[in-house]
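Below are the chains, spelled out letter by letter.
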Amino acid sequence: MPFQIPSIRPRTAIALVLSLLSLVLLLHPQSPISIPASSFSSSKPYVSPYSSYPPNIPERQAAGWNGTGIGRENRRRANATFVMLARNSDLYEILPAMQNMEDRFNWWAGYDWVFLNDQPFSEEFIRLTSDQASTKTQFGLIDPSEWNQPDWIDEDKATKAREQMIKENVIYGGSVPYRNMCRYNSGFFFRHPLLLQYRFYWRMEQSVKFFCDLHYDPFLVMEDEKKVYGFTLSLFEYTETIVTLWDTVKEFMTLHPEHVAKDNSMDFLSDDGGAEYNHCHFWSNFEIGDLDFWRGEAYMAFFNFLESKGGFYYERWGDAPVHSLGVGLFAPKDSIKFFSDIGYYHGPYSHCPVGDAHRVGRCSCKEEDNFDSHWFSCTNKWKKIHPGKNWFGSP
Ligand SMILES: Nc1nc2c(ncn2[C@@H]2O[C@H](COP(=O)(O)OP(=O)(O)OP(=O)(O)O)[C@@H](O)[C@H]2O)c(=O)[nH]1
Ligand SMILES: [Mg+2]
(Lines give C-alpha, C1' and ligand atoms only; values in the text may rest on other atoms or scores of the structure.)
(Ligands and ions follow the chains in the order given, each with its own letter.)
Protein backbone atom coordinates (compact mmCIF):
# COMPACT_ATOMS: atom_id res chain seq x y z
CA MET A 1 0.00 0.00 0.00
CA PRO A 2 1.54 3.28 -0.98
CA PHE A 3 2.46 5.75 1.78
CA GLN A 4 -0.20 8.39 2.18
CA ILE A 5 0.23 11.84 3.76
CA PRO A 6 -2.62 12.23 6.20
CA SER A 7 -4.75 15.22 5.23
CA ILE A 8 -4.87 17.95 7.94
CA ARG A 9 -6.75 21.26 8.06
CA PRO A 10 -4.68 24.53 7.82
CA ARG A 11 -5.72 25.67 11.37
CA THR A 12 -4.53 22.38 12.86
CA ALA A 13 -1.21 22.79 10.97
CA ILE A 14 -0.58 26.29 12.44
CA ALA A 15 -1.37 25.04 15.95
CA LEU A 16 1.08 22.15 15.47
CA VAL A 17 3.91 24.46 14.31
CA LEU A 18 3.38 26.86 17.25
CA SER A 19 3.44 23.99 19.79
CA LEU A 20 6.67 22.67 18.29
CA LEU A 21 8.25 26.17 18.47
CA SER A 22 7.31 26.52 22.16
CA LEU A 23 8.85 23.10 22.87
CA VAL A 24 12.15 24.17 21.22
CA LEU A 25 12.27 27.43 23.24
CA LEU A 26 11.57 25.54 26.47
CA LEU A 27 14.27 22.94 25.91
CA HIS A 28 16.90 25.32 24.40
CA PRO A 29 16.54 28.76 25.95
CA GLN A 30 19.86 29.90 24.34
CA SER A 31 18.74 29.08 20.82
CA PRO A 32 19.07 31.99 18.37
CA ILE A 33 15.35 32.57 18.19
CA SER A 34 14.93 33.10 21.93
CA ILE A 35 14.90 36.69 23.18
CA PRO A 36 16.13 37.18 26.75
CA ALA A 37 13.91 39.48 28.78
CA SER A 38 16.92 41.65 29.76
CA SER A 39 17.33 42.82 26.12
CA PHE A 40 14.35 45.07 26.56
CA SER A 41 15.95 47.24 29.23
CA SER A 42 19.28 49.08 29.20
CA SER A 43 22.18 47.12 30.68
CA LYS A 44 23.35 50.30 32.47
CA PRO A 45 21.35 51.61 35.42
CA TYR A 46 19.56 54.81 34.48
CA VAL A 47 20.99 57.93 36.08
CA SER A 48 18.96 61.05 35.62
CA PRO A 49 21.07 63.73 33.97
CA TYR A 50 18.71 66.39 35.34
CA SER A 51 20.58 66.47 38.65
CA SER A 52 23.03 68.88 37.05
CA TYR A 53 20.44 70.99 35.28
CA PRO A 54 19.97 74.62 36.37
CA PRO A 55 17.09 75.19 38.83
CA ASN A 56 13.52 75.79 37.67
CA ILE A 57 13.94 73.76 34.55
CA PRO A 58 11.17 71.24 35.27
CA GLU A 59 8.73 74.13 35.58
CA ARG A 60 9.64 75.16 32.07
CA GLN A 61 9.46 71.73 30.56
CA ALA A 62 6.89 71.26 27.87
CA ALA A 63 4.02 68.88 27.94
CA GLY A 64 5.81 66.65 25.49
CA TRP A 65 8.76 66.19 27.76
CA ASN A 66 7.31 65.89 31.23
CA GLY A 67 4.15 64.07 30.35
CA THR A 68 1.90 66.59 32.08
CA GLY A 69 -0.32 66.64 29.03
CA ILE A 70 -0.78 70.41 29.26
CA GLY A 71 -0.32 70.75 25.51
CA ARG A 72 1.66 73.47 23.85
CA GLU A 73 -1.26 75.82 23.34
CA ASN A 74 -2.03 75.95 27.04
CA ARG A 75 1.44 76.00 28.51
CA ARG A 76 2.90 79.29 29.67
CA ARG A 77 4.65 81.05 26.82
CA ALA A 78 6.53 84.31 26.39
CA ASN A 79 5.44 86.95 23.91
CA ALA A 80 8.10 85.95 21.41
CA THR A 81 8.85 84.96 17.84
CA PHE A 82 11.56 83.66 15.57
CA VAL A 83 12.74 86.29 13.14
CA MET A 84 14.62 85.73 9.94
CA LEU A 85 15.86 88.34 7.50
CA ALA A 86 15.98 86.46 4.24
CA ARG A 87 16.24 86.52 0.48
CA ASN A 88 14.06 84.37 -1.73
CA SER A 89 17.25 82.71 -2.95
CA ASP A 90 18.02 81.52 0.61
CA LEU A 91 14.92 79.31 0.67
CA TYR A 92 16.53 75.88 0.37
CA GLU A 93 19.11 76.70 3.03
CA ILE A 94 16.36 78.07 5.27
CA LEU A 95 14.11 75.02 5.14
CA PRO A 96 16.54 72.55 6.77
CA ALA A 97 17.41 75.14 9.43
CA MET A 98 13.72 75.62 10.17
CA GLN A 99 13.10 71.88 10.23
CA ASN A 100 15.93 71.56 12.71
CA MET A 101 14.49 74.25 14.98
CA GLU A 102 11.01 72.74 14.76
CA ASP A 103 12.26 69.22 15.56
CA ARG A 104 14.54 70.23 18.41
CA PHE A 105 12.35 72.85 20.07
CA ASN A 106 9.38 74.46 18.41
CA TRP A 107 7.23 71.34 17.97
CA TRP A 108 6.47 71.61 21.68
CA ALA A 109 7.23 75.29 22.25
CA GLY A 110 4.95 76.74 19.60
CA TYR A 111 6.45 80.12 18.75
CA ASP A 112 5.57 82.12 15.62
CA TRP A 113 7.86 82.82 12.69
CA VAL A 114 8.46 86.26 11.14
CA PHE A 115 10.31 86.64 7.83
CA LEU A 116 11.57 90.00 6.59
CA ASN A 117 12.84 90.89 3.13
CA ASP A 118 13.74 93.98 1.14
CA GLN A 119 12.06 92.31 -1.89
CA PRO A 120 8.57 90.76 -1.98
CA PHE A 121 8.66 87.12 -0.89
CA SER A 122 7.92 84.64 -3.65
CA GLU A 123 4.85 82.41 -3.56
CA GLU A 124 7.21 79.42 -3.29
CA PHE A 125 9.02 80.95 -0.31
CA ILE A 126 5.78 81.64 1.52
CA ARG A 127 4.30 78.23 0.77
CA LEU A 128 7.33 76.13 1.72
CA THR A 129 8.30 78.02 4.87
CA SER A 130 4.66 77.93 6.00
CA ASP A 131 4.57 74.18 5.38
CA GLN A 132 7.75 73.78 7.41
CA ALA A 133 6.52 75.82 10.39
CA SER A 134 4.27 74.22 12.99
CA THR A 135 2.98 77.68 13.90
CA LYS A 136 1.91 80.98 12.38
CA THR A 137 4.19 82.47 9.71
CA GLN A 138 4.23 86.17 8.82
CA PHE A 139 6.02 87.84 5.92
CA GLY A 140 7.09 91.47 6.01
CA LEU A 141 8.41 93.79 3.34
CA ILE A 142 11.09 96.22 4.48
CA ASP A 143 10.57 99.91 3.83
CA PRO A 144 13.21 100.90 1.22
CA SER A 145 14.05 104.03 3.26
CA GLU A 146 15.16 101.73 6.10
CA TRP A 147 17.07 99.35 3.87
CA ASN A 148 18.93 101.36 1.24
CA GLN A 149 21.98 103.52 1.67
CA PRO A 150 20.73 106.98 2.76
CA ASP A 151 21.04 109.87 0.27
CA TRP A 152 23.22 111.91 2.59
CA ILE A 153 26.03 109.32 2.47
CA ASP A 154 28.91 110.64 0.35
CA GLU A 155 28.94 108.03 -2.39
CA ASP A 156 32.50 108.83 -3.56
CA LYS A 157 33.81 108.28 -0.06
CA ALA A 158 31.79 105.07 0.31
CA THR A 159 32.99 103.75 -3.08
CA LYS A 160 36.63 104.43 -2.18
CA ALA A 161 36.19 102.60 1.12
CA ARG A 162 34.69 99.57 -0.65
CA GLU A 163 37.49 99.51 -3.25
CA GLN A 164 40.10 99.63 -0.53
CA MET A 165 38.45 96.71 1.29
CA ILE A 166 38.32 94.67 -1.91
CA LYS A 167 42.09 95.21 -2.26
CA GLU A 168 42.57 94.08 1.34
CA ASN A 169 40.38 91.00 0.78
CA VAL A 170 38.00 92.00 3.55
CA ILE A 171 35.04 89.60 3.56
CA TYR A 172 31.97 91.31 2.01
CA GLY A 173 34.18 94.44 1.81
CA GLY A 174 32.85 95.39 -1.64
CA SER A 175 29.19 94.68 -0.98
CA VAL A 176 26.53 97.37 -0.53
CA PRO A 177 23.67 94.89 0.16
CA TYR A 178 25.73 93.37 2.98
CA ARG A 179 26.12 96.86 4.48
CA ASN A 180 22.38 97.46 4.12
CA MET A 181 21.77 94.17 5.94
CA CYS A 182 24.17 95.06 8.79
CA ARG A 183 22.64 98.50 9.24
CA TYR A 184 19.09 97.12 9.10
CA ASN A 185 19.88 94.48 11.72
CA SER A 186 21.63 97.10 13.85
CA GLY A 187 18.90 99.67 13.95
CA PHE A 188 15.66 98.77 12.23
CA PHE A 189 14.45 95.17 12.39
CA PHE A 190 12.99 95.58 15.88
CA ARG A 191 10.91 98.52 14.64
CA HIS A 192 9.33 96.62 11.77
CA PRO A 193 5.51 96.71 12.21
CA LEU A 194 5.38 92.88 12.42
CA LEU A 195 7.76 92.88 15.37
CA LEU A 196 6.04 95.60 17.36
CA GLN A 197 3.59 93.01 18.73
CA TYR A 198 6.42 90.96 20.32
CA ARG A 199 8.73 91.41 23.29
CA PHE A 200 11.37 88.72 22.60
CA TYR A 201 12.89 87.32 19.41
CA TRP A 202 15.19 84.51 18.39
CA ARG A 203 17.19 85.37 15.31
CA MET A 204 17.54 82.64 12.73
CA GLU A 205 19.59 82.40 9.58
CA GLN A 206 19.86 80.12 6.60
CA SER A 207 22.17 77.07 6.91
CA VAL A 208 22.43 77.15 10.71
CA LYS A 209 22.07 73.99 12.79
CA PHE A 210 20.72 73.26 16.24
CA PHE A 211 22.50 70.18 17.49
CA CYS A 212 20.51 69.32 20.60
CA ASP A 213 17.00 68.91 21.93
CA LEU A 214 15.87 71.86 23.97
CA HIS A 215 14.00 70.72 27.06
CA TYR A 216 13.25 74.18 28.36
CA ASP A 217 12.01 77.43 26.95
CA PRO A 218 14.81 80.02 26.64
CA PHE A 219 12.27 82.81 26.09
CA LEU A 220 10.83 82.11 29.55
CA VAL A 221 14.35 82.16 30.96
CA MET A 222 14.80 85.60 29.40
CA GLU A 223 11.51 86.79 30.85
CA ASP A 224 11.90 85.27 34.31
CA GLU A 225 15.54 86.20 34.77
CA LYS A 226 15.10 89.67 33.24
CA LYS A 227 17.69 89.08 30.54
CA VAL A 228 17.94 91.34 27.53
CA TYR A 229 20.35 89.37 25.35
CA GLY A 230 21.37 85.73 24.92
CA PHE A 231 24.28 84.30 22.94
CA THR A 232 26.06 81.01 22.25
CA LEU A 233 29.19 82.04 20.32
CA SER A 234 31.53 84.98 20.74
CA LEU A 235 34.65 85.91 18.80
CA PHE A 236 36.89 88.74 17.56
CA GLU A 237 35.75 91.13 14.83
CA TYR A 238 37.90 91.89 11.75
CA THR A 239 39.62 95.16 12.66
CA GLU A 240 39.49 96.55 9.10
CA THR A 241 35.69 96.71 9.19
CA ILE A 242 35.36 98.89 12.30
CA VAL A 243 38.38 101.20 12.28
CA THR A 244 36.63 104.21 13.91
CA LEU A 245 33.83 102.40 15.73
CA TRP A 246 35.41 102.40 19.18
CA ASP A 247 36.29 106.11 19.06
CA THR A 248 32.68 106.78 18.10
CA VAL A 249 31.45 104.67 21.01
CA LYS A 250 33.73 106.51 23.46
CA GLU A 251 32.49 109.85 22.12
CA PHE A 252 28.91 108.72 22.71
CA MET A 253 29.68 107.58 26.25
CA THR A 254 31.25 110.96 27.05
CA LEU A 255 28.24 112.79 25.66
CA HIS A 256 25.70 110.46 27.31
CA PRO A 257 27.08 109.03 30.54
CA GLU A 258 23.48 108.61 31.71
CA HIS A 259 23.04 105.69 29.30
CA VAL A 260 26.08 103.72 30.43
CA ALA A 261 25.05 100.84 32.73
CA LYS A 262 26.76 100.79 36.11
CA ASP A 263 27.73 97.14 36.13
CA ASN A 264 28.39 96.77 32.40
CA SER A 265 30.51 94.33 30.37
CA MET A 266 33.39 96.72 29.66
CA ASP A 267 35.91 94.13 30.83
CA PHE A 268 34.63 91.72 28.19
CA LEU A 269 35.00 94.39 25.47
CA SER A 270 38.27 95.94 26.53
CA ASP A 271 41.44 94.62 28.15
CA ASP A 272 42.57 98.03 29.42
CA GLY A 273 39.53 99.49 31.12
CA GLY A 274 38.10 101.02 27.95
CA ALA A 275 41.04 102.73 26.23
CA GLU A 276 41.03 100.21 23.37
CA TYR A 277 38.39 97.83 22.05
CA ASN A 278 39.61 94.23 22.04
CA HIS A 279 37.16 93.40 19.19
CA CYS A 280 35.22 90.82 21.20
CA HIS A 281 31.58 90.50 20.27
CA PHE A 282 28.67 88.09 20.45
CA TRP A 283 28.03 86.40 17.13
CA SER A 284 24.70 87.88 16.17
CA ASN A 285 23.56 85.22 13.71
CA PHE A 286 22.34 83.58 16.95
CA GLU A 287 20.53 85.98 19.22
CA ILE A 288 17.73 85.63 21.71
CA GLY A 289 16.89 89.14 22.72
CA ASP A 290 14.52 91.64 24.24
CA LEU A 291 13.13 93.85 21.47
CA ASP A 292 12.22 96.49 24.05
CA PHE A 293 15.89 96.92 24.86
CA TRP A 294 16.70 97.79 21.25
CA ARG A 295 13.63 100.02 21.09
CA GLY A 296 14.58 101.72 24.37
CA GLU A 297 16.02 105.18 24.89
CA ALA A 298 19.67 104.24 25.44
CA TYR A 299 20.12 101.92 22.46
CA MET A 300 18.13 104.16 20.09
CA ALA A 301 20.27 107.15 21.05
CA PHE A 302 23.36 105.00 20.53
CA PHE A 303 22.24 103.72 17.13
CA ASN A 304 21.26 107.20 15.91
CA PHE A 305 24.67 108.49 16.95
CA LEU A 306 26.45 105.70 15.04
CA GLU A 307 24.18 106.27 12.05
CA SER A 308 25.07 109.98 11.98
CA LYS A 309 28.74 109.06 11.48
CA GLY A 310 28.07 107.03 8.33
CA GLY A 311 30.31 104.15 9.40
CA PHE A 312 27.88 101.50 8.15
CA TYR A 313 28.88 102.65 4.62
CA TYR A 314 32.25 104.42 5.02
CA GLU A 315 33.52 101.34 6.82
CA ARG A 316 31.58 98.09 7.18
CA TRP A 317 30.26 98.17 10.70
CA GLY A 318 28.62 94.85 11.45
CA ASP A 319 25.46 94.35 13.47
CA ALA A 320 27.34 91.89 15.69
CA PRO A 321 29.81 94.41 17.18
CA VAL A 322 27.14 97.12 17.21
CA HIS A 323 24.68 94.95 19.15
CA SER A 324 27.43 93.67 21.43
CA LEU A 325 28.68 97.16 22.26
CA GLY A 326 25.11 98.36 22.78
CA VAL A 327 24.10 95.59 25.10
CA GLY A 328 27.55 95.31 26.67
CA LEU A 329 27.70 98.97 27.71
CA PHE A 330 24.09 100.06 28.17
CA ALA A 331 22.76 96.96 29.95
CA PRO A 332 24.11 95.41 33.17
CA LYS A 333 26.37 92.44 32.56
CA ASP A 334 24.01 90.11 34.44
CA SER A 335 21.26 90.81 31.94
CA ILE A 336 23.24 89.00 29.24
CA LYS A 337 22.82 85.24 29.13
CA PHE A 338 25.31 82.72 27.79
CA PHE A 339 23.12 79.81 26.63
CA SER A 340 25.91 77.33 27.20
CA ASP A 341 23.67 74.28 26.71
CA ILE A 342 22.20 75.23 23.32
CA GLY A 343 24.04 73.39 20.54
CA TYR A 344 24.48 75.69 17.55
CA TYR A 345 26.37 75.90 14.28
CA HIS A 346 26.89 78.76 11.86
CA GLY A 347 29.75 78.05 9.51
CA PRO A 348 32.52 77.65 10.35
CA TYR A 349 32.02 77.56 14.13
CA SER A 350 30.09 75.28 16.48
CA HIS A 351 28.97 75.62 20.01
CA CYS A 352 28.70 71.93 20.88
CA PRO A 353 27.59 71.35 24.49
CA VAL A 354 29.85 68.98 26.39
CA GLY A 355 29.33 66.45 29.18
CA ASP A 356 25.87 65.99 30.69
CA ALA A 357 24.42 68.72 28.49
CA HIS A 358 25.45 66.74 25.41
CA ARG A 359 23.69 63.69 26.74
CA VAL A 360 20.55 65.45 27.97
CA GLY A 361 20.15 67.14 24.63
CA ARG A 362 20.84 64.09 22.46
CA CYS A 363 23.32 66.36 20.71
CA SER A 364 24.53 65.28 17.29
CA CYS A 365 27.77 67.30 17.30
CA LYS A 366 31.27 66.28 18.31
CA GLU A 367 32.17 67.66 21.74
CA GLU A 368 35.75 68.45 20.64
CA ASP A 369 34.27 70.85 18.07
CA ASN A 370 33.20 73.22 20.81
CA PHE A 371 34.56 76.65 19.89
CA ASP A 372 34.47 78.12 23.42
CA SER A 373 38.14 77.50 24.21
CA HIS A 374 39.47 78.27 20.72
CA TRP A 375 41.99 81.14 20.53
CA PHE A 376 39.58 83.09 18.27
CA SER A 377 36.72 82.79 20.79
CA CYS A 378 36.01 85.42 23.45
CA THR A 379 33.93 83.13 25.62
CA ASN A 380 36.73 82.61 28.17
CA LYS A 381 36.82 86.38 28.65
CA TRP A 382 33.08 86.24 29.28
CA LYS A 383 33.56 83.54 31.87
CA LYS A 384 36.27 85.60 33.54
CA ILE A 385 33.93 88.52 34.17
CA HIS A 386 31.35 86.14 35.68
CA PRO A 387 33.46 84.25 38.23
CA GLY A 388 31.95 81.37 40.15
CA LYS A 389 29.24 80.60 37.59
CA ASN A 390 28.62 77.08 36.38
CA TRP A 391 28.42 76.97 32.57
CA PHE A 392 26.44 73.83 31.92
CA GLY A 393 27.64 72.38 28.62
CA SER A 394 30.69 74.60 28.16
CA PRO A 395 34.17 73.11 28.73
N1 LIG B 1 16.42 90.25 2.31
C2 LIG B 1 17.75 90.23 2.36
N3 LIG B 1 18.36 89.51 3.31
C4 LIG B 1 19.71 89.49 3.32
C5 LIG B 1 20.49 90.19 2.39
N6 LIG B 1 21.80 89.96 2.67
C7 LIG B 1 21.81 89.15 3.74
N8 LIG B 1 20.56 88.85 4.15
C9 LIG B 1 20.15 88.02 5.27
O10 LIG B 1 20.78 88.49 6.42
C11 LIG B 1 21.28 87.45 7.21
C12 LIG B 1 22.79 87.58 7.35
O13 LIG B 1 23.39 87.45 6.09
P14 LIG B 1 24.57 86.41 5.80
O15 LIG B 1 24.82 86.47 4.35
O16 LIG B 1 24.27 85.11 6.43
O17 LIG B 1 25.74 87.15 6.56
P18 LIG B 1 26.87 86.53 7.50
O19 LIG B 1 26.25 85.58 8.46
O20 LIG B 1 27.65 87.65 8.04
O21 LIG B 1 27.77 85.80 6.47
P22 LIG B 1 27.91 84.23 6.13
O23 LIG B 1 29.15 83.84 6.84
O24 LIG B 1 28.03 84.21 4.64
O25 LIG B 1 26.68 83.53 6.62
C26 LIG B 1 20.86 86.16 6.54
O27 LIG B 1 19.68 85.70 7.18
C28 LIG B 1 20.60 86.57 5.11
O29 LIG B 1 19.59 85.81 4.52
C30 LIG B 1 19.81 90.94 1.36
O31 LIG B 1 20.39 91.59 0.51
N32 LIG B 1 18.44 90.92 1.42
MG1 LIG C 1 25.12 83.94 7.97
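Definitions and cut-offs
- Residues numbered from 1 in each chain as written.
- Chains lettered and ligands numbered in written order.
- Predicted model: local features only at pLDDT ≥ 70, side-chain atom pairs only at ≥ 80, totals over all residues.
- Helix = DSSP H or I, 4+ residues; strand = E, 2+ residues; numbered from the N terminus.
- Buried ≥ 20, exposed ≤ 12 C-beta atoms within 10 Å, placed from the backbone.
- Contact = placed C-beta atoms within 7 Å.
- Pairing = 2+ DSSP bridges.
- Axes fitted to C-alpha atoms, helices over the stretch in contact; angles between N-to-C directions.
- Right-handed = clockwise from strand over helix to strand, strands pointing away.
- Expected span 1.5 Å × (residues − 1).
- Near = placed C-beta within 6 Å.
- Core = buried A, V, L, I, M, F, W, Y, C linked by C-beta atoms within 7 Å.
- Parallel < 35°, antiparallel > 145°, perpendicular 65-115°, else oblique.
- Left-handed = near helix turned anticlockwise from the far one by under 90°.
- Nonpolar A, V, L, I, M, F, W, Y, C, P; charged D, E, K, R; others polar.

Caption draft 1: Structural view of the overall build of the protein chain. Across its full length, the protein chain holds 17 helices and twelve strands. Counting across all 395 residues of the protein chain, residues that qualify as buried make up 36%. Contacts spanning at least 24 positions in sequence make up 80% of the contacts within the protein chain whose residues lie at least 6 apart.

Caption draft 2: Fine view of the sheet that holds strand 1 (residues 80-85). Taking strand neighbours across the sheet as the criterion, the seven strands line up as 3-2-1-4-9-6-10 in an open arrangement whose pairing is mixed. The sheet terminates laterally at strand 3 (137-141) and strand 10 (336-338), the two strands that pair on one side only. Each strand of the sheet is rotated relative to its neighbour by a mean of 20 degrees, with strand direction disregarded. The pairing of strand 1 with strand 4 (residues 200-203) spans four bridges and is parallel. Counterpart to Phe82 in the pairing with strand 4 is Trp202.

Caption draft 3: Broad picture of the environment of Ala298. Looking at where Ala298 falls in the secondary structure, it is placed in helix 13 (residues 297-309). Each C-alpha atom, one on Ala298 and one on Leu329, is 9.9 Å from the other, the two residues being 31 residues apart in sequence. Among residues more than four places away in sequence, those in contact with Ala298 are His259 and Phe330.

Caption draft 4: Structural view of the pairing of strand 1. For strand 1, the buried fraction is high: six of the six residues fall into the buried class. Side chains of strand 1 alternate between two faces, with Ala80, Phe82 and Met84 and Thr81, Val83 and Leu85 buried alike. With five bridges joining them, strand 1 and strand 2 (residues 112-117) adopt parallel strand pairing. Each residue of the ladder has a partner; that of Leu85, found in strand 2, is Leu116. Between the parallel pair strand 1 and strand 2, the chain is carried across by helix 4 (residues 91-109), and the sense of this crossover is right-handed.

Caption draft 5: Up close: helix 15 (residues 319-330). Between its first and last C-alpha, helix 15 extends 16 Å over twelve residues, near the 16 Å set by a 1.5 Å rise per residue. Here helix 15 lies mainly inside the structure; twelve of its twelve residues are buried. Of all the positions in helix 15, only Asp319, Ala320, Pro321, Val322, His323, Ser324, Leu325, Gly326, Val327, Gly328, Leu329 and Phe330 are classed as buried.

Caption draft 6: Region of interest: the sheet that holds strand 5 (residues 209-210). Ordered in space as 5-11-12, the three strands form an open sheet in which the pairing is antiparallel. Looking along the sheet, the strands with just one partner apiece sit at the ends: strand 5 and strand 12 (349-351).

Caption draft 7: Molecular detail of the site of ligand 1. Near ligand 1 you find Met84, Leu85, Ala86, Arg87, Asp90, Asn117, Asp118, Pro177, Met181, Glu205, Gln206 and Asn285, and these make up its full shell. When residues of the shell around ligand 1 are traced back to their parent elements, those giving at least two are strand 1 and helix 8 (176-187).

Caption draft 8: Broad picture of the nonpolar core. Of all hydrophobic cores here, the largest spans 83 residues; its most connected members are Phe82, Val83, Met84, Phe211, Phe231 and Tyr344. Take this core: its biggest share by element is seven residues, from helix 4. For Val83, the residues in contact, after removing those within four places along its chain, are Val114, Leu116, Phe189, Leu195, Tyr201 and Arg203.

Caption draft 9: Broad picture of the pairing of strand 2. With five bridges joining them, strand 2 and strand 3 adopt parallel strand pairing. Within strand 3, the residue paired with Asn117 across the bridge is Leu141. Handedness of the β-α-β unit built from strand 2, helix 5 (residues 123-132) and strand 3 comes out right-handed.

Caption draft 10: Looking closely at the environment of Phe231. Of note, Phe231 is situated in strand 6 (residues 229-231). Once residues within four sequence positions are removed from consideration, Phe231 is found in contact with Phe282, Trp283, Phe286, Glu287, Phe338 and Phe339.

Caption draft 11: Representation of the packing of helix 4 against helix 5 in the model. Between helix 4 and helix 5, whose axes approach to 9 Å, the crossing angle comes to 15 degrees. Considered as vectors, helix 4 and helix 5 are oriented roughly parallel to each other. When the axes of helix 4 and helix 5 are compared, the crossing they make is right-handed. Across the interface between the two elements, Leu91, Ile94, Leu95, Met98, Gln99 and Glu102 of helix 4 pack against Glu124, Phe125, Leu128, Thr129 and Gln132 of helix 5. Here the residues of the contact of helix 4 with helix 5 sort into six nonpolar, three polar and two charged.

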